[in-house]
Amino acid sequence: IDEIEALTSIYGDEWCVIDESERIFCIKISNSSDQPTWTLCLQVILPPDYPTSSPPVYQLNAPWLRGEDRLALSNSLEEIYLQNIGESILYQWVEKIRDFLVEKSQTSDSGPKFYAKSEEDDVDDEDEIPADFLMELCQTSILGLGNLVEGEETPPIQHGEPISDRRSTFQAHLAPVVSQCQVKMVLNKLYENKKIASATHNIYAYRIYMKERNSFIQDCEDDGETAAGKRVLHLMQIYSTCPAGAPPDKSN
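What you are looking at is a predicted structure, and each value in this text was computed from that prediction instead of being measured.

What's the story with the overall build of the chain in this structure? I'm lost.
Along the backbone of the chain there are seven helices and ten strands. In the chain, of all internal contacts separated by at least 6 residues, the share reaching a separation of at least 24 is 55%. Carbon and sulfur atoms provide 50% of the accessible area of the chain, an area that totals close to 15,200 Å².

Next up, the structure:
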């Protein structure tokens, strides 16, 4: 409670309470308060045992953030957590992200590229990302994927054949996962491939059955391609209701 009150005092309107009872918050972070060009939202969910024994569950949201940038920033945040286990870390996370954005603004010749619709649309490099759009991302985004467990092996990944259509190339990757941590391991492994890390859109979806809850946990990522991850997740939902080997009911 003291940490949240301090963050509210420090960041003012940038700090947003999404659901106080569920301890879900987000903050809009920019490289500059006067002329922001690089901006993203950090959404966090604070588990009941944070900060004593669990880190915040988090999601980084920005239309331009993908590939190596997303992975590098996520690794930086997790490194801060590992160096400060048991301590409050949200302020350090926010300032680390701000440093990252400042560095991006200093090393980039133009503003961020982001795709409001698809890669076929022309987007002005100088377009500023609307603040209300970022806040909407914060409030509707997926949950974070948890932390890696030392010694756990990455699930096997199957790679589909590339398919080219007009000016785009698509490739599917599939892995069996039983936890959100394994989802993150698979993504990290895929991003080791430079071609994948630099792809215009890396969409994904996962759906895991939790026997003890008799329910699924699921999420998806559009990565700038409108509703792409959601469509993949919807397809997974349809097939998970079908008998083994049977096609989905087209009337459903």
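It is not clear to me how the nonpolar core should be interpreted in this structure. Could you clarify?
What tends to happen in soluble globular proteins is that the nonpolar side chains get buried as a cluster. Grouped together as the largest cluster of nonpolar side chains are 29 residues, with contacts concentrated most on Leu40, Leu42, Leu60, Leu90, Trp93 and Ile97. For this core, the secondary-structure elements that each account for two or more residues are α1 (2–11), β2 (24–30), β3 (39–45), β4 (57–61), α2 (67–83) and α3 (90–107). At six residues, α3 tops the list of elements feeding residues into this core. Trp93 has contacts with Leu42, Val44, Pro56, Tyr58, Leu77, Ile80 and Tyr81, leaving out every residue within four places of it along the chain. Within the second largest apolar cluster, 14 residues are counted, among which are Ile157, Val177, Val186 and Ile208.

Which parts of the structure should I look at to understand the side chain of Asn84?
Along the chain, the position of Asn84 falls in the loop between α2 and α3. On the accessibility criterion, Asn84 (13% relative accessible area) is buried. Not counting residues up to four positions away in its chain, the partners in contact with Asn84 are Ile89 and Gln92.

Help me out: how do you make sense of α2 in this one?
A turn of α-helix holds 3.6 residues, and therefore any two residues three or four places apart point the same way. For α2, with 17 residues, the first-to-last C-alpha span of 25 Å sits near the 24 Å given by 1.5 Å per residue. For α2, every residue scored as buried is listed here: Gly67, Arg70, Leu73, Ser74, Leu77, Glu78, Ile80 and Tyr81. Contact partners of the buried residues in α2: β3, β4, α3, α5 (180–191), α6 (194–197) and β10 (215–221).

I keep staring at the pairing of β3 and nothing clicks. Help me out?
Put simply, side chains in a regular strand alternate between the two faces of the sheet. With seven of its seven residues buried, β3 lies for the most part within the structure. Burial along β3 is two-sided: the face carrying Thr39, Cys41, Gln43 and Ile45 and the face carrying Leu40, Leu42 and Val44 are both buried. Pairing geometry for β2 and β3, over seven bridges, is antiparallel. In the strand pairing of β3, Ile27 is matched with Leu42. When β3 meets β4, the two strands line up antiparallel, connected through five bridges. Directly across from Cys41, in β4, lies its bridge partner Asn61.

Even after reading the chapter, I still don't get the side chain of Asp223, so can you show me in this structure?
Mapped onto the elements, Asp223 comes out in the loop between β10 and α7 (228–240). Accessibility expressed as a relative area gives 4% for Asp223, which makes it buried. Apart from residues no more than four positions distant in its own chain, Asp223 is found in contact with Leu65, Arg66, Thr200, His201, Asn202 and Ile203.

What am I meant to see in the environment of Pro55 here?
Looking at the secondary structure, you find Pro55 in the loop between β3 and β4. In this structure Pro55 comes out as buried when scored by relative accessible area, which is 13%. Through-space distance from the C-alpha of Pro55 to that of Ile89 is 8.5 Å; in sequence the pair is 34 residues apart.

Explain the packing of aromatic side chains to me, please; I cannot follow it from the model alone.
The geometry of an aromatic ring pair is captured by two quantities: the separation of the ring centres and the angle between the planes. For the structure shown, the criterion picks out three aromatic pairs. When the ring of Trp15 is compared with that of Phe25, the centres are 5.5 Å apart and the planes differ by 25 degrees; the resulting orientation is stacked. Separated by ten residues along the polypeptide, Trp15 in strand β1 (residues 15–19) and Phe25 in strand β2 bring together distant segments of the chain. Across this residue pair, the class does not change: Trp15 and Phe25 are buried.

Where do I start with the environment of Glu95 in this structure?
By the secondary structure assignment, Glu95 is in helix α3. Residue class for Glu95 comes out partly exposed when judged on its relative accessible area of 23%. C-alpha of Glu95 to C-alpha of Ile29: the two residues are 66 residues apart in sequence and 8.7 Å apart in space.

Would you mind showing me how to read the pattern of salt bridges here?
Should the charged atoms of two oppositely charged side chains come close, the side chains can pair. This structure, assessed with the given rule, holds six salt bridges. Note that Asp165 and Arg166 form a salt bridge whose closest N and O atoms lie 3.1 Å from each other. Since its relative accessible area comes to 78%, Arg166 is described here as exposed.

Criteria and thresholds
- Residues numbered from 1 in each chain as written.
- Predicted model: local features only at pLDDT ≥ 70, side-chain atom pairs only at ≥ 80, totals over all residues.
- Heavy atoms only, no water.
- Helix = DSSP H or I, 4+ residues; strand = E, 2+ residues; numbered from the N terminus.
- Contact = heavy atoms within 4.5 Å.
- Areas by Shrake-Rupley, 256 points an atom, 1.4 Å probe, with all protein chains shown as cover.
- Core = buried A, V, L, I, M, F, W, Y, C linked by side-chain atoms within 4.5 Å.
- Buried < 20%, exposed > 50% of the residue type's maximum accessible area, 1.4 Å probe, protein only.
- Expected span 1.5 Å × (residues − 1).
- Pairing = 2+ DSSP bridges.
- Phe/Tyr/Trp six-rings, centres within 6.5 Å; stacked < 30°, edge-to-face > 60°.
- Salt bridge = Lys/Arg side-chain N within 4 Å of Asp/Glu carboxyl O.

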